[in-house]
Amino acid sequence: MALGNKDVLKIDIHMSTNSFLYLPIYIAEDLKIFETVLEPALEHYEELKDRKIELRFFGRKENIGDENSIINMLKANDAKKSNVIAIAIGSPIAFLNSAKIKKKNKDKVKIVGALINKPTFWAVSKELITEKEDLSISDFKKHFKQVICQNEDFITGYYLGQRIRSKAKYDDSNLCKVSFGDELDKLTDGNSVAVTADIAKMTEKIAKNTGYICHRFSESQGEILTTGIITSKICCEKFPEIIEKIIESIQISIAILYSSQKKAIESCEKIAKTLYGTMTSSVIEKIIKRMNEERFYPSIDLSISEGSWNNASKALVEIQRAVVKKDTYTKYVDNSFVLKAIAKRTGIDLSTTKDRCKYNTNKNECKCVHIRELRERNNCEGIKCRYQKEYKSAELLIKFCDFFEKKAKHLLIILLAIFAIIFIILLKKNDNQIEAVKVAIFGDFSHYVLLYLANEKGFFATEKLKIEIIDTDNEKKVFAAVINDPVTFGITDPTFVAMAAEEGYEGKVIASIAKRIPLWGIAKKQTLSEVTDPSQLSGYSVATFPSPSIAYILQYDIFKKVGLEPNIKQGAVGTLWSMVEAGHADIALELEPNVSRALMQGGKMLYSLENYGDIAITGVVVSKKMTETSPVLVQRFVNALQKSAQWALAHQDSVVYYTRKHFSDIDTTINASAINRIISAKMLPENVMISEEAWEKAIKLRYEAGDIKSLETAKKVLDMSFAKKAIKGGK
């Protein structure tokens, strides 16, 4: 594809509509993700080196339609005279089944990813029918005389209208067919229900109590390819790295949408001004929340399954718009760019059986792991995955026995062979034995993310460890549990080991999992100003965890350094914000996710302690005896945390996703805010090493507070030998 000698490479994004539902594209534009990710890819092409990227977006101010957006994309990708690489965002099914499009144009198209794999539609009533948004379609006729839906020009909306007509046994006369965006305007009384995809107008109606969702099609209709990422065949052939990077940009944008509410809202506010003029912040926040809850966008894997393609094709058949040929999926869909992007960002190769499949022993069938979402796919074809180690060992033993029964002449040889096999199997079983260890922590906080990530991503399992987390109610109790031997490892402020050493308890600090102080000062009173100088704390009380916690020590130090009498209210874990709400303290010095939870409840951020810089604040502690009697076990534990640190550093935008299972009991938005605050404050270490400078800084604080008497004794408890080996590969 000749792009001429111009200095600019234009990347055109043609969108078939101007809906909020294309928000990942708008976020990628607003945060300049496309440019950042695409620029390195230009180095792969001699003719593109040293060019600047110019992004252009089409279709924002008017609904240009699926067909026109894709036609314009094809024109932009003209092989002979364009210096443009173009992508279309729209419905590939609608395009490919349009009688208006010539076959030669259809054959130029490749669908390289799925932006939306669910029908982004809701049934909205003027009066409240059900609190749970789950009214059955078959019950619609009991409540509504008329269904307002999109007309034949809009495939999915019209299809859903026809589904309602069929399931609820309406006559065709009961369907009011309107243009896209007009459904809610026609909803004037309680006798009608509108099937709409206009999330902005719908959310505004809900906020004003003039509209209520009674059914979510994203939950009831299953996986349907609604919106695809489409380009031309020639672009796929000539510039595969650029197509892959465009996919990666959209992956990153979706991750930001799901993990950073603040960034999503900021981008949403900007696009709202362009699309809708004015829109209140509360409505925008509700739109983002609904998008997060209903998971419209695949988290990482934007590949198109054959099932979602076929379901979209069937929709056309059901409304008598087309006869779908069986080979359309293999002809037009190309998932290779998505798979390459996933492999580079996560290390997961979905093109292999090992990463794609997970053996289900109960059903004796293969289920594919869809980037941790366990979404079933139809491409396993009965493959028996490599996880069936026990099955294979038993099968091997049976084959050996059968062989010797038929071929051996002497019983002794048979017996010796069988014993040899059993011995080998037992040795192998012993070698692969999983060792259970207990890990003590203090509270359940977001800055322990490397521990949770190592567990969720399987790094502990790789090291043949199974961990059980024991939550104590006091920092000091963590090391006490280690010394008294009910647990093997402790995650806590490592200076407690130094304090215990002076009392005769021998322990070692062996790794770091947080390198900066994860504490923030938050207040309920909005009249309090942001604290830029500690002297501003004069007259205010601060709630902290009890002495000798590092929170208490640091807050005490802050007061003293500016000549203020320390005004500290001590409280247990989980009570600090309640103390502020009850008026027992003005400020709470809190950890995440309690900080994000308080901010969601109307709290105000006043100051952060992250500016103390790198310090040994949260580490792994063990007894000295454990390092001497079980060094291999200790090494394996540190290896897993090192792998976790490396993975988190390389995949920061995916950390929220992989820790949401552990924090399943808190709001997903709160969890995302908490984890992202930890990441943005650079609290996660690049590796598990604690530098001598960071350790000396920590023990000096304790020394000045009088908690330790000898700096020399404190220095001796630091043992980074396991961390150094872990960084070198764990050997």
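Quick summary incoming for the structure in this document. On a predicted model such as this, the values are computed, not experimentally measured, just so you know. (Residues numbered from 1 in each chain as written. Predicted model: local features only at pLDDT ≥ 70, side-chain atom pairs only at ≥ 80, totals over all residues. Heavy atoms only, no water.)

1. Things to note about the overall build of the protein
Part 1: Regarding its fold elements, the protein presents 33 helices and 22 strands.
Part 2: Looking at the 731 residues of the protein, the share that counts as buried comes to 54%.
Part 3: Taking the intrachain contacts of the protein between residues at least 6 apart in sequence as the baseline, contacts between residues at least 24 apart amount to 80%.
Part 4: Of the accessible surface of the protein, which amounts to about 33,900 Å², a share of 49% is contributed by carbon and sulfur atoms. (Helix = DSSP H or I, 4+ residues; strand = E, 2+ residues; numbered from the N terminus. Buried < 20%, exposed > 50% of the residue type's maximum accessible area, 1.4 Å probe, protein only. Contact = heavy atoms within 4.5 Å. Areas by Shrake-Rupley, 256 points an atom, 1.4 Å probe, with all protein chains shown as cover.)

2. Section: empty space enclosed by the protein
Part 1: Tallying each qualifying case throughout the model produces two cavities of 30 Å³ or more.
Part 2: Its boundaries defined by the atoms lining it, the largest cavity holds a volume of some 140 Å³.
Part 3: His-447, Glu-475, Ile-550, Leu-591 and Thr-618 are, among the 16 residues lining the largest cavity, the residues nearest its centre.
Part 4: Counted by class, the lining of the largest cavity contains 10 nonpolar, four polar and two charged residues. (1 Å grid on protein atoms, 1.4 Å probe; cavity = no way out; pocket = protein on both sides within 12 Å on 5 of 7 lines; lining within 4 Å. Points joined across faces, edges and corners; volume = space filled by probe spheres on them. Nonpolar A, V, L, I, M, F, W, Y, C, P; charged D, E, K, R; others polar.)

3. Things to note about helix H3 (residues 66-76)
Part 1: Turning to H3, its buried residues number three or more, namely Ser-69, Ile-70, Ile-71, Met-73, Leu-74 and Ala-76.
Part 2: Looking at the buried residues of H3, the elements they touch are strand S1 (8-15), strand S3 (84-90), helix H4 (92-96), helix H5 (103-106), strand S4 (109-116) and strand S10 (227-232).

4. Points about the nonpolar core
Part 1: Phe-140, Ile-242 and Tyr-297 are the most contacted members of the largest nonpolar core, which totals 207 residues.
Part 2: Of all the elements, helix H11 (residues 240-259) adds the most residues to this core, at 10 residues.
Part 3: Beyond its immediate stretch of four places on either side in the chain, Tyr-297 contacts Phe-20, Leu-21, Tyr-22, Leu-23, Pro-24, Leu-115, Ile-116, Ile-254, Leu-257, Tyr-258 and Met-291.
Part 4: In terms of nonpolar packing, the next biggest core, distinct from the first, is built from 24 residues, Ile-70, Ile-224, Trp-309 and Tyr-332 among them. (Core = buried A, V, L, I, M, F, W, Y, C linked by side-chain atoms within 4.5 Å.)

5. Some thoughts on the sheet that holds S4
Part 1: An order of S2-S1-S3-S10-S4 is seen for the five strands of this open sheet, with the pairing classed as mixed. The two strands at the open ends of the sheet, each matched to only one other strand, are strand S2 (52-58) and S4. Each neighbouring strand pair of the sheet contributes to a mean axis angle of 20 degrees, computed without reference to strand direction.
Part 2: With six bridges joining them, S1 and S3 adopt parallel strand pairing. (Pairing = 2+ DSSP bridges. Axes fitted to C-alpha atoms, helices over the stretch in contact; angles between N-to-C directions.)

6. Observations regarding the environment of Gly-90
Part 1: Mapped onto the fold, Gly-90 is located in strand S3.
Part 2: In this structure Gly-90 comes out as buried when scored by relative accessible area, which is 1%.
Part 3: In the structure, Gly-90 is positioned 23 residues away from Glu-67 in sequence and 8.4 Å away in space, judged by C-alpha atoms.
Part 4: In contact with Gly-90, not counting residues within four places along its chain, are Ser-16, Tyr-22, Asp-66, Thr-226, Thr-227, Gly-228 and Ile-230.

7. Points about the packing of aromatic side chains
Part 1: Inspection of the entire model under this criterion finds 17 aromatic pairs.
Part 2: A cation sits over an aromatic face here: Arg-702 above Phe-496, 5.1 Å from the ring centre. (Phe/Tyr/Trp six-rings, centres within 6.5 Å; stacked < 30°, edge-to-face > 60°. Lys NZ or Arg CZ within 6 Å of the ring centre and 35° of its normal.)

8. A few points about the side chain of Glu-463
Part 1: Along the chain, Glu-463 turns up in the loop between helix H21 (459-462) and strand S14 (465-472).
Part 2: Beyond its immediate stretch of four places on either side in the chain, Glu-463 contacts Arg-636, Asn-639, Ala-640 and Lys-643.

9. With respect to the packing of helix H1 (residues 23-30) against H11
Part 1: In the contact formed by H1 and H11, the axes pass within 8 Å of each other and the chain directions differ by 100 degrees. Comparing the axis directions of H1 and H11 gives the class roughly perpendicular. Counted together, Leu-23, Pro-24, Ile-25, Ile-27 and Ala-28 of H1 and Ile-250, Ser-253, Ile-254, Ile-256 and Leu-257 of H11 form the full contact between these two elements.
Part 2: For the contact of H1 with H11, a count of residues per class yields nine nonpolar, one polar and no charged. (Parallel < 35°, antiparallel > 145°, perpendicular 65-115°, else oblique.)

10. Comments concerning the layout of surface pockets
Part 1: The calculated volume of the second largest pocket comes to roughly 1,100 Å³.
Part 2: Forming the walls of the second largest pocket are 28 residues, and the residues nearest its centre are Ser-260, Gln-261, Lys-262, Thr-669 and Ser-673.
Part 3: Looking at the lining of the second largest pocket, the elements with two or more residues in it are helix H8 (199-207), H11, helix H12 (261-276), helix H13 (281-294), helix H26 (594-600) and helix H30 (668-680).
Part 4: For the lining of the second largest pocket, the class distribution of residues is seven nonpolar, 11 polar and 10 charged.

11. Overview of H12
Part 1: Buried within H12 we find Gln-261, Ala-264, Ile-265, Ser-267, Cys-268, Ile-271, Ala-272 and Leu-275.
Part 2: On its buried face, H12 sits against H1, H11, H13, H26 and H30.

12. Here we look at the packing of H1 against H12
Part 1: At a closest axis distance of 9 Å, the pairing of H1 and H12 adopts a crossing angle of 100 degrees. When the interaxial angle is binned, H1 and H12 end up roughly perpendicular. The segment H1 lies against H12, with Leu-23, Tyr-26, Ile-27 and Asp-30 engaging Ala-264, Glu-266, Ser-267, Cys-268, Lys-270, Ile-271 and Leu-275.
Part 2: Of the residues belonging to the contact of H1 with H12, the class tally is seven nonpolar, one polar and three charged.

13. As for the sheet that holds strand S21 (residues 604-608)
Part 1: Spatially, S19-S18-S20-S17-S21 is the arrangement adopted by the five strands of the open sheet, whose pairing is mixed. Looking at the sheet topology across the chains shown, the edges are occupied by strand S19 (568-570) and S21. Averaged over all pairs of adjacent strands, the angle between their axes in this sheet comes to 30 degrees, without regard to strand direction.
Part 2: Pairing of strand S17 (residues 520-523) with strand S20 (residues 587-590), which is carried by four bridges, proceeds in the antiparallel orientation. From the neighbouring strand, Gly-521 faces S20, where its bridge partner is Leu-589.

14. Let's talk about the pattern of salt bridges
Part 1: Across all of its chains, the model carries 21 salt bridges by this definition.
Part 2: Of the charged contacts in the structure, one is a salt bridge between Arg-56 and Asp-12, with a shortest N-O distance of 2.8 Å. Here Arg-56 is found in strand S2, whereas its partner Asp-12 is found in strand S1, with 44 residues between them in sequence.
Part 3: A relative accessible area of 2% means that Asp-12 is categorised as buried.
Part 4: Note that Arg-516 and Asp-614 form a salt bridge whose closest N and O atoms lie 3.1 Å from each other. Pair noted here: Arg-516 is in the loop between strand S16 (507-514) and S17 and Asp-614 is in the loop between S21 and strand S22 (618-623), with a separation of 98 residues, a long-range link.
Part 5: With relative accessibility at 38%, the residue Asp-614 sits in the partly exposed group.
Part 6: Each of the salt bridges in this network shares a partner with another, and the network as a whole consists of Asp-493, Arg-702 and Asp-707. (Salt bridge = Lys/Arg side-chain N within 4 Å of Asp/Glu carboxyl O.)

15. Quick look at unusual backbone geometry
Part 1: Here Ser-547 and Pro-548 are connected by a cis peptide whose omega angle stands at 10 degrees.
Part 2: Among the secondary structure elements, Pro-548 is positioned in the loop between strand S18 (542-544) and helix H24 (550-561).
Part 3: Omega for the peptide link from Glu-592 to Pro-593 comes to 10 degrees, which places this bond in the cis form.
Part 4: Note on placement: Pro-593 falls in the loop between S20 and H26.
Part 5: For Asn-209, which is not glycine, the phi torsion reads 60 degrees and is therefore positive.
Part 6: Residue placement: Asn-209 occurs in the loop between H8 and strand S9 (212-216).

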